[in-house]
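The lines below spell out each chain.
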Amino acid sequence: MFEQLSEKLDAVLRNIRGLGKISEKNIRDTSRQVRRALLEADVHFEVARDFIKRVEKRALGVTVTQSVKPGDQFVKILRDEMASLLGSKASGISFAKRPPTIILVAGLQGSGKTTTCAKLAKKLNHEGKSVMLVAADVYRPAAIDQLKILGKQIDIPVYSEGHKNPVTICENAVKEAAANKTQVVILDTAGRLHVDGEMMQEIEAIASEVKPDETLFVADGMTGQDAVNSAKAFSEALELTGTILTKMDGDARGGAAVSISKVTGVPVKFIGVSEKMDGLDVFDPNRIADRILGMGDVVTLVEKAEKVMDEKKAEKLEEKLKDQSFTLDDFKDQLNQMRNMGPLDQLIGMMPGMNKKMMKGLNLDDRQLMWTEAIINSMTLNERRNPSIIDGSRRSRIAQGSGRTIQEVNQLIKQYFALQKMMKKMGKMKLPAGLNHPMMGAH
Ligand SMILES: Nc1nc2c(ncn2[C@@H]2O[C@H](COP(=O)(O)OP(=O)(O)OP(=O)(O)O)[C@@H](O)[C@H]2O)c(=O)[nH]1
Ligand SMILES: [Mg+2]
């Protein structure tokens, strides 16, 4: 559903990622291209405009000494802003403190309400909740039967009183659910053609009588901006708690999904992805943002780097490089930081321009790091600060203390000196902090 948008953005981002340095002009050019891609995917123009403004502001405000390549940083900003545009985190259903949880489902005619009610019932039932469906569409012929058939298919009871007043039906249904301790009640209402008129008053009356815990607006994702506009109108009349976009398996361009939560102020909770009863997915903004931007690896990498290597530590390291006071303790810290970043193989695999061959001889597998740490832990403070005093007898003591061999101790000390030499060389260059630090090799 986001393929088209995703492909366009991929081309744009590949471009900026390839640049070693980015200027204000690069940022503005890229932003303009991103905006165009969004508009082509039918994203609401104001949403696209505001989105781009935020991305540009953040990208231009980013400090220069970053631990990652500027292009990657830009991708990360774009992705974060996209996730926040989509609603930040998956919200799901909020259940009432005292059951039953009442879910009112509203929407335009044919948007997929009845199907969605049944899908949702199945999903919640699967999560262990007892659920009751309520046939509150008394207008369309066969609407009640449709819900009953679906209910039977998924083994969920359907409450119906035939063609009585929908407000009364809903009230009674809730009472019954409370009496027999049903945990969730889902009200399937009639489709509205417009957001005004009698039908709208009716659903407002249902809402004010039963006081739903969730009022979900079902919108047909295939209708793009129309879905967004109707959601907005409904959100002004009813107190919506979320939206559900259906038919996202069709040729929906994704624009509705991107704009709807911003426009309505409520999250997209689920998306319908098939006609079948299991075709309802939780809408997870982070996952969707990754899917749209198709840059999951870069983002993960930047996040990990940001988490572990804060700027200050990196600066301190640079200082140490300059005055050449990089000790074995610092060495250990560096190893630890690297270990916190996750499996090293994976990490190196994710880094642009890095390959495992470059790291050969640095013994970067996780176990090796642990052993290295054990060896350093067995050294005295003095030995860590002045590794050159570590003679033969000290080496065998350290080996014994750490449970490693003398060869390993020797190798570590050799590595340390080699590294120190390399760092001195690199310390003279202007070192970008963090990931590009000497332990990881330059690229
Ligand atoms: N492909 C696909 N089809 C869907 C999805 N959700 C609903 N549909 C189809 O859309 C059509 C209308 O669905 P209904 O659930 O009857 O819609 P409704 O909003 O209850 O319609 P009214 O009650 O008449 O207003 C049906 O043919 C459904 O099978 C979806 O996520 N994907
Ligand atoms: Mg229906």
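As shown above, the structure is provided for reference.
What you see is a predicted model; the values in this text were computed from it and never measured.

Colleague: Explain the site of ligand 1 to me, and be specific about the residues and the numbers.
Modeller: Ligand 1 sits among 21 residues. The nearest are Gly 112, Thr 114, Thr 115, Gly 191 and Gly 272. Residue contributions to the shell around ligand 1 peak at three residues, all from helix H5 (residues 113–126). A class-by-class count of the residues in the shell around ligand 1 yields two nonpolar, 13 polar and six charged.

Colleague: Any chance you could break down the sheet that holds strand S3 (residues 158–159) for me, citing the residues and the numbers?
Modeller: With respect to topology, eight strands assemble into an open sheet ordered S3-S2-S4-S1-S5-S6-S7-S8, the strand pairing being mixed. The open sheet has two edge strands, S3 and strand S8 (280–282), and neither has a second partner. Packing of H5 onto the sheet brings it into contact with strand S1 (101–107), strand S2 (131–136), strand S4 (184–189), strand S5 (214–220), strand S6 (242–246), strand S7 (268–272) and S8, and relative to S4 it is tilted by some 170°. Packed on one face of the sheet, helix H9 (residues 225–237) meets S1, S5 and S6 and runs near 155° to S5.

Colleague: So what's going on with unusual backbone geometry? Residues and values would help.
Modeller: In the segment running from Pro 99 into Pro 100, the intervening peptide bond is cis, with an omega of 5°. Along the chain, Pro 100 turns up in the loop between helix H4 (70–86) and S1. Unusually for a residue other than glycine, Asp 155 sits at a positive phi of about 65°. Within the secondary structure, Asp 155 is located in the loop between helix H6 (143–154) and S3.

Colleague: An account of the packing of H4 against helix H11 (residues 285–293) is requested, with residue identities and associated values reported.
Modeller: Interaxial distance between H4 and H11 falls to 8 Å at its minimum, and their mutual angle equals 135°. As summarised for this structure, H4 and H11 are arranged oblique, according to the angle between their axes. In this structure, H4 meets H11 at a crossing whose hand is right-handed. Together, Val 75, Leu 78, Arg 79, Met 82, Ala 83 and Leu 86 of H4 and Pro 285, Asn 286, Ile 288, Ala 289, Ile 292 and Leu 293 of H11 make up the contact between the two elements.

Colleague: Pulling in residues and values, what's your account of the pairing of S5?
Modeller: With respect to burial, S5 is a largely interior element, seven of its seven residues being buried. Inspection of the sheet shows S1 paired to S5 by five bridges, in the parallel sense. By the bridge assignment for S5, Gly 107 is matched with Val 218. Bridging between S5 and S6 involves five bridges; their strand directions are parallel. Across the sheet, the residue bridging to Leu 216 is Gly 242, located in S6. Crossover handedness for the path S5 to H9 to S6: right-handed.

Colleague: Mind laying out H5, listing which residues take part and the relevant values?
Modeller: With 14 residues, H5 should cover 20 Å at 1.5 Å per step; its first-to-last C-alpha distance of 20 Å lies within 8% of that length. Of all 14 residues making up H5, twelve are buried, and the element is well covered by its neighbours. Along H5, the residues classified as buried are Lys 113, Thr 114, Thr 115, Thr 116, Cys 117, Ala 118, Lys 119, Leu 120, Ala 121, Lys 122, Lys 123 and Leu 124. Positive backbone phi, approximately 100°, marks Gly 128, located one or two places after H5.

What counts, and at which threshold
- Residues numbered from 1 in each chain as written.
- Chains lettered and ligands numbered in written order.
- Predicted model: local features only at pLDDT ≥ 70, side-chain atom pairs only at ≥ 80, totals over all residues.
- Near = placed C-beta within 6 Å.
- Helix = DSSP H or I, 4+ residues; strand = E, 2+ residues; numbered from the N terminus.
- Nonpolar A, V, L, I, M, F, W, Y, C, P; charged D, E, K, R; others polar.
- Pairing = 2+ DSSP bridges.
- Contact = placed C-beta atoms within 7 Å.
- Axes fitted to C-alpha atoms, helices over the stretch in contact; angles between N-to-C directions.
- Parallel < 35°, antiparallel > 145°, perpendicular 65-115°, else oblique.
- Left-handed = near helix turned anticlockwise from the far one by under 90°.
- Buried ≥ 20, exposed ≤ 12 C-beta atoms within 10 Å, placed from the backbone.
- Right-handed = clockwise from strand over helix to strand, strands pointing away.
- Expected span 1.5 Å × (residues − 1).

The quantities given are spatial measurements derived from coordinates; they are silent on function.
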